[in-house]
Amino acid sequence: MTSNWELHRGEATRFSCPSCRESLVPVSALDRFAFAFGCSAGHVVGLGELFDRQSAEMRDCVELLIATWEKSIRQMVEGAEIASRHGSQDLSDRLRGRVVVLEAQVALFRETFLKSDPEPGISPR
Ligand SMILES: [Zn+2]
């Protein structure tokens, strides 16, 4: 099942795989933008599992995920321009459509996970 997943090597998180203790890196599916992490042994760990861990670690992982998505956005915008220049308007439109989806996802994640900074010294709970 992991063959559709692209491992973003070189972007190792501080997380380790619950199954084998390998370092986890963000993975992205080629045909849809699911959020997950994977290890080099092929285990895929959902974001929900990682959310059970400490929130500081979770923030790191969301920030890393957003950075990964933003890189993809830049690459797709570039790809769309190249496709357009070469007359592949259909491909260009599809890439731009993906950019819109991914940008919405980045905005949602920023809003959900990175916006509500608790005041220093005030601990929720
Ligand atoms: Zn593993």
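Residues numbered from 1 in each chain as written. Predicted model: local features only at pLDDT ≥ 70, side-chain atom pairs only at ≥ 80, totals over all residues. Heavy atoms only, no water.

Chemist: Got a minute to help me understand the overall build of the protein chain in this structure?
Modeler: Looking only at helices and strands, the protein chain features three helices and four strands. When the elements of the protein chain are put in sequence order from the N terminus, they spell out β-β-β-β-α-α-α. Across the 125 residues that make up the protein chain, the buried fraction comes to 33%. Per element, the accessible surface of the protein chain, about 8100 Å² overall, is 52% carbon and sulfur. (Helix = DSSP H or I, 4+ residues; strand = E, 2+ residues; numbered from the N terminus. Buried < 20%, exposed > 50% of the residue type's maximum accessible area, 1.4 Å probe, protein only. Areas by Shrake-Rupley, 256 points an atom, 1.4 Å probe, with all protein chains shown as cover.)

Chemist: Looking at this model, I keep getting lost on helix α3 (residues 89–114). Mind explaining?
Modeler: It helps to recall that an α-helix has 3.6 residues per turn; residues three or four apart then point in one direction. Taking 1.5 Å of rise per residue, the 26 residues of α3 would be expected to cover 38 Å, and the 36 Å separating its terminal C-alpha atoms lies within 8% of that figure. For α3, the full list of buried residues reads Ser92, Leu95, Val99, Leu102, Gln105, Val106, Phe109, Phe113 and Leu114. (Expected span 1.5 Å × (residues − 1).)

Chemist: Please clarify how the side chain of Ser92 should be interpreted in this entry.
Modeler: Mapped onto the elements of the fold, Ser92 is located in helix α3. Overall, Ser92 belongs to the buried group, its relative accessible area being 0%.

Chemist: Can you walk me through the coordination of the zinc ion in this structure?
Modeler: Each donor-metal-donor angle in an ideal tetrahedron of four donors is 109.5 degrees, and each such angle in an ideal octahedron of six donors is either 90 or 180 degrees. Coordination of the zinc ion by the protein is provided by Cys17 (SG), Cys20 (SG), Cys39 (SG) and His43 (ND1), with metal-donor distances spanning 1.9 to 2.4 Å. Taken together, the four donor atoms coordinating the zinc ion and their angles of 105 to 114° define a geometry best described as tetrahedral. (Donors = N, O, S within 2.8 Å, 3.2 Å for Na, K, Ca; no water. Tetrahedral: all angles 85-135°; square planar, octahedral: opposite > 155°, others 65-115°.)

Chemist: How do you make sense of unusual backbone geometry when you look at a structure like this?
Modeler: The phi dihedral of Arg21 is positive, around 70°, even though this residue is not glycine. Here Arg21 lies in the loop between β1 (5–7) and β2 (25–29). Of the residues examined, Arg21 reaches a relative accessible area of 58% and is grouped as exposed.

Chemist: So what exactly am I meant to see when it comes to the confidence of the model for the protein chain here?
Modeler: Do not read the fine detail of predicted coordinates wherever pLDDT is low. Here the protein chain shows a mean pLDDT of 78. Residues at 70 or above account for 70%. No element of the protein chain has a lower mean pLDDT than β1, at 61, and none a higher one than α3, at 90. (pLDDT = per-residue confidence, 0-100.)

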